[in-house]
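# Structure at a glance
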Amino acid sequence: MSKIDSDSHGKNKQPGKKGFSRRSFLGGLGIGGGAVATLPTGLLVESQAAAAPAMGPGPIPVALRINGKVHNLNIEPRVTLLDALRNHLDMTGAKKVCDRATCGACTVIVAGRPVYSCSMLAVEAQGKDIQTIEGLAPSGKLHPVSAAFVENDAQQCGFCTPGFVMAVKAFVDRHPNPTMDQVKKGLGGNLCRCGTYIGVRQAALDAARQMKGGKNA
Amino acid sequence: MPSKYDWPAEGKRSLIGKRISRLDGPDKASGRARYAYDTNRPGGLVAKLLCSPHAHAKITRIDTSEAERAPGVRAVKVMAPAGTEVQWQGFEIAAVAADTEELAQDGVRKIKVEYEILPHLVKEEDVSKAANMIKPSAEETKGNPDSGFSEADAVHEGYYGINTITHCCLESHGQVAEWNGDNCTLYASTQALGRIGGDLAKVLGAEPATANIKPANIRVITEYMGGGFGSKFSIDKWGIVCAQFSKQTGKPVKLMLDRDQELLMAGMRPSDYAKIKLGAKKDGTITAWQHESWSTGGPGGGGAPPIPYVFTEIPNQRKRHIAVSTHTGPARAWRAPNHPQAAALTMCAMDDLAAKLNMNPLDFFIKNLPLTARGDVYKAELLKGAELMDWKTKWHPRGQGGNGYLKRGVGLSLHTWGGRAHDSDCRIVINSDGSVQAQLGSQDLGTGTRTVIGIVAAETLGIPLSGVQVQIGDSNYPPSGASGGSTTVGGVSSSTRRASVKALDKLFEAVAPSLGTTADKLVARDGRIHVEGDPSKSLTWKAACAKLGTKSISEIGRQPARDEGNLNDNGVGGIQMAEVEVDTETGIVSVKKMVAVQDCGLIIDVKTAESQCYGAMIMGVCAALYEERIFDQQTGTMLNADMEFYKLSGIADVGDMVVHMMTGVYDGRGVIGLGEPPAISPPAAISNAVANAIGVRVPTIPLTPDKVLAALEKGGRA
């Protein structure tokens, strides 16, 4: 399954930074996500507590720099970046689907890298530049990646689409001249149920061509 | 009889049959589209469910007192009181509404439930272990099976199966409920916005506290919805409790299923397993069919598969079926209910018989087309498909898939579906400022419904697509059927056509005097209204609408309607071919290429129609190779109620895909639904390709590596 490649373009990997996203925590233990079900949740909480100063359990101030603007929130430290965006800031472009760093519907770009926002805590995203799909086209004109999705009908129900658009954006930023093989590998971290991959592949290639030179980034 | 409502002839169509991008594409691709899950109402609460961890158990005690006192919790409701016998893991036990999602989850954890564990059955493939959970049906015969088999030159007997899978909608089931006095608005992820409000009112009306609630009190809004595939027709227990919480607390309440709940209880496709025997003459003509099948659809057992599929006219048949009840989440309609299973059983058995006869399956299937309802269509499609797949070059006798450890093969399958138009009312409004609204109480599941409506209205009114505002997704609009069974496109396109023609007639009446003519002499084209044959006598669309003065035109078009145009039909055929590569050392199958050749009458939008086929094939790859609900009979639990191990294909897991729509000659039939048909054949075609590649049949789907390796070993080809 190509999902194994989901970290191949750095999703949720923060070199030189010790985070405690669910994914990196489990990765550090050397176990797959499948063990989540059998892992006592207390273990997860304890480990997080050991890695960071005590916060909460009640709401604490959290400042997030999203699409260039700082938002001050008062939320519990256990709130994920995805839930902070969706439930506290009404930015609902990123979707909650698997809630376990598998499907990519919640993809946002943090410090230039695509991240599964369901598996990064909001407190951990502080001090970093967070780009969401709402920030892709502030003027209202479609971003070239979004436009390529429309043109290639790379969407049906559309629930995976915003996450896919952000993954493609991050991918073409790093691969301005991608091959089809690179597209298939680089976008392996996002899943679609309606079956829009044929359109998404072409949209990624088209968007890269459109964005060449970084004029539209 | 020709009618003014008939579709415009080919050559006179400016939008219908072209490749047009979906109208809501920009909103979806920019994240602006708001789904039920995205609905944040001021002061809203979040509700979460407590579900049974056991497959079969009796609730002996339930205590919610601690949950009721938990911080932020506003309401708790027991959905399965003590004494309830839960029949599957994921069965709804109780719900909690709280100020935030996290606090609701905390509240759920504080509910104490005691269960008396009862015996369970969660696996059905080995029917000998199903004991008292089976319900055999009577034997059904047609012709004389025994003499049919004795006439045959070759008889094949085999075992085939296809497992249960889930719908796994990316937007989980759920809704937001908000009351204003006795009126409730439901923002729901549903395929049936015209139905679930009435269903909710019926339940509420039966309870003393809400006895005055009528269907008219419930408004359902579904602007966008994130996938249903047949699983979202019902108000469901979670919809009812959500509305009750909102009524009780006076606040909007959102309740969306968690992913594990979605996979455990919100949708599954029944299985089908069968021992099949069939015989044919030397020339390939099938003479007899016999099967014993069994299946589960959860607690209700599983219905008999419609086999032999497509080749229904096999002269001599004997059929028996056993329904197996299991303690697993109940079945819901799954894109083309029963057909993918029937195709897998039938086409794989036929393919094996062809191999036994040393026949190329393409010739074998064509030989037997007289046993189908639309042989000419299938033949044209098979020949087209063979050309697009390069079947002649790629097909080889079994066991000749290459010398190395990577083996290649091709396989095919045929399918059919109805796709008749559902009931639909459309209101077309033409305003004096030239604006046009098309209003239907329909919903766009991502199939392109919104776009189809816009295309039909704009085509009929002779204005650009951008000149029509399509207003759907609200039960306040004229009623249109639930979106299921490929019935929507025929329904909405027909009602929109009729409403548009009627509205245009009214506009013609209003402007005819100023053009010095009568309404029957006018035509609308290219954004103008002009006298037929004299384009110099014309008005722009805007100028024409200005003649309405302070009035608007508002016309309803209906489907069905008697004698009002040959707009839609029922019944299609399609074929698919797959090419696979099998790694005989690891057992991994990869789909290299698929070809779909599909008839669906008149196509309104070629672009979204092709997307339906691409999507259906990709969903089919998931089902053929990856998807399975993995149950542990010891504990009765599903081991992979998550998306990490309930596997869907990723972007690299699907090969090249070719779609060919049979346009032109079939246009005269009118519009026929397309959502289901291309989703039927993929598992069968892929299984047949694997058999062609490795020389042995992998009996059951999904074709996971362990099963491929086992089949190779059993066949002496490991």
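Residues numbered from 1 in each chain as written. Chains lettered and ligands numbered in written order. Predicted model: local features only at pLDDT ≥ 70, side-chain atom pairs only at ≥ 80, totals over all residues. Heavy atoms only, no water.

## Structural notes on the overall build of chain B
Assigned secondary structure in chain B consists of 17 helices and 32 strands. Expected size for 718 residues packed as a compact globule is a radius of gyration near 27 Å; at 28 Å, chain B falls within 12% of this value. Based on the C-alpha atoms only, the size of chain B along its principal axes is roughly 85 × 70 × 45 Å. Relative to all contacts within chain B whose residues are 6 or more apart in sequence, the contacts with residues 24 or more apart total 80%. As displayed, chain B offers around 25,500 Å² of accessible surface, 50% of which is attributable to carbon and sulfur atoms. For chain B, the centre of its 79 positive side-chain charges and the centre of its 80 negative side-chain charges are spaced 3 Å apart. (Helix = DSSP H or I, 4+ residues; strand = E, 2+ residues; numbered from the N terminus. Rg over C-alpha atoms; globule rule 2.2 N^0.38 Å. Contact = heavy atoms within 4.5 Å. Areas by Shrake-Rupley, 256 points an atom, 1.4 Å probe, with all protein chains shown as cover. Lys, Arg positive; Asp, Glu negative; His and termini not counted. Charge placed at Lys NZ, Arg CZ, Asp CG, Glu CD.)

## So, the domain arrangement of chain B
Taken domain by domain, chain B comprises domain 1 (25–33 + 421–559), domain 2 (45–119) and domain 3 (268–419 + 570–714). If you average the C-alpha positions of domain 1 of chain B and of domain 2 of chain B, the two centres end up 49 Å apart. (Domains from an automatic or database assignment.)

## Focus on the environment of B:P315
All names here are of chain B. Of note, P315 is situated in the loop between β17 (286–295) and β18 (316–324). Given a relative accessible area of 38%, P315 falls into the partly exposed group. Along the chain, P315 and P479 lie 164 residues apart, while their C-alpha atoms are 44 Å from each other. Setting aside anything within four residues of it in sequence, one finds P315 in contact with K142, G143, I286, T287 and L371. (Buried < 20%, exposed > 50% of the residue type's maximum accessible area, 1.4 Å probe, protein only.)

## A look at the sheet that holds strand β3 (residues 73–78) of chain B
Residues and elements named next belong to chain B. If you walk across this open sheet you meet the seven strands as β3-β5-β1-β14-β11-β12-β13, and the pairing is mixed. The open sheet has two edge strands, β3 and β13 (218–221), and neither has a second partner. Taking each pair of neighbouring strands and ignoring which way they run, the sheet shows an average axis angle of 20°. As judged from the two bridges shared by strand β1 (residues 45–51) and strand β14 (residues 253–256), these two strands associate in the parallel manner. Counted as the bridge partner of L45 is V253 from β14. Those strands touched by helix α5 (residues 196–205) are β11 (174–180), β12 (183–188) and β13, and its axis lies near 145° from that of β13. (Pairing = 2+ DSSP bridges. Axes fitted to C-alpha atoms, helices over the stretch in contact; angles between N-to-C directions.)

## Points about helix α10 (residues 375–389) of chain B
All names here are of chain B. Helix length check: α10, at 15 residues, gives a terminal C-alpha distance of 20 Å against a target of 21 Å (1.5 Å per residue), a fit within 8%. Of all the positions in α10, only G375, V377, Y378, E381, L382, G385, A386 and M389 are classed as buried. Buried residues along α10 cover an arc of 160° about the axis, so they all sit on one side. Exposed and oriented more than 90 degrees from the buried face of α10 are D376 and E387. Packed against the buried residues of α10 are α9 (361–367), α11 (391–394), β19 (406–417), β27 (572–583) and β28 (589–598). Of the residues trailing α10, D390 is marked for its positive phi of about 60°. (Expected span 1.5 Å × (residues − 1). Arc of directions from axis to C-beta.)

## Some words on the nonpolar core
The biggest cluster of nonpolar side chains holds 152 residues, and the ones touching the most others in it are A:F149, A:L187, B:F311, B:L414, B:M577 and B:I686. It is helix α15 (residues 606–625) of chain B that provides the largest number of residues to this core, a total of 11 residues. Apart from residues lying up to four places away in sequence, A:L187 is in contact with A:F164, A:A167, A:V168, A:F171, A:V200, A:A204 and B:I651. In terms of nonpolar packing, the next biggest core, distinct from the first, is built from 52 residues, B:A104, B:I196, B:L204 and B:A266 among them. (Core = buried A, V, L, I, M, F, W, Y, C linked by side-chain atoms within 4.5 Å.)

## Regarding empty space enclosed by the protein
With a probe scaled to a water molecule rolled over the atoms, the places where space remains empty come into view. All names here are of chain B. Taken as a whole and assessed by the stated rule, the structure comprises four cavities of 30 Å³ or more. Considered as a void within the structure, the largest cavity measures approximately 90 Å³ in volume. Lining the largest cavity are 13 residues, and of these Q175, S189, S234, I235 and W238 sit closest to its centre. The set of elements that each furnish at least two residues to the lining of the largest cavity consists of β11 and α6 (236–249). In terms of residue class, the lining of the largest cavity is made up of five nonpolar, six polar and two charged. (1 Å grid on protein atoms, 1.4 Å probe; cavity = no way out; pocket = protein on both sides within 12 Å on 5 of 7 lines; lining within 4 Å. Points joined across faces, edges and corners; volume = space filled by probe spheres on them. Nonpolar A, V, L, I, M, F, W, Y, C, P; charged D, E, K, R; others polar.)

## Re the side chain of B:D38
Summarising the element assignment, B:D38 is placed in the loop between α1 (25–29) and β1. When neighbours within four sequence positions are excluded, B:D38 is seen to be in contact with A:R86, A:D90, A:T92, A:K95, B:A33 and B:K254.

## Considering the domain arrangement of chain A
Interfaces are often sized by the amount of accessible area the parts lose when they come together. Residues and elements named next belong to chain A. Domain boundaries in chain A define domain 1 (2–135) and domain 2 (144–214). Counting residues at the interface gives 24 residues for domain 1 and 15 residues for domain 2. Carbon and sulfur atoms make up 63% of the surface buried where domain 1 meets domain 2, a total of about 1,700 Å² over both sides. Between the two partners, domain 1 and domain 2, sit zero salt bridges. (Buried area = accessible area lost by both parts, 1.4 Å probe. Salt bridge = Lys/Arg side-chain N within 4 Å of Asp/Glu carboxyl O.)

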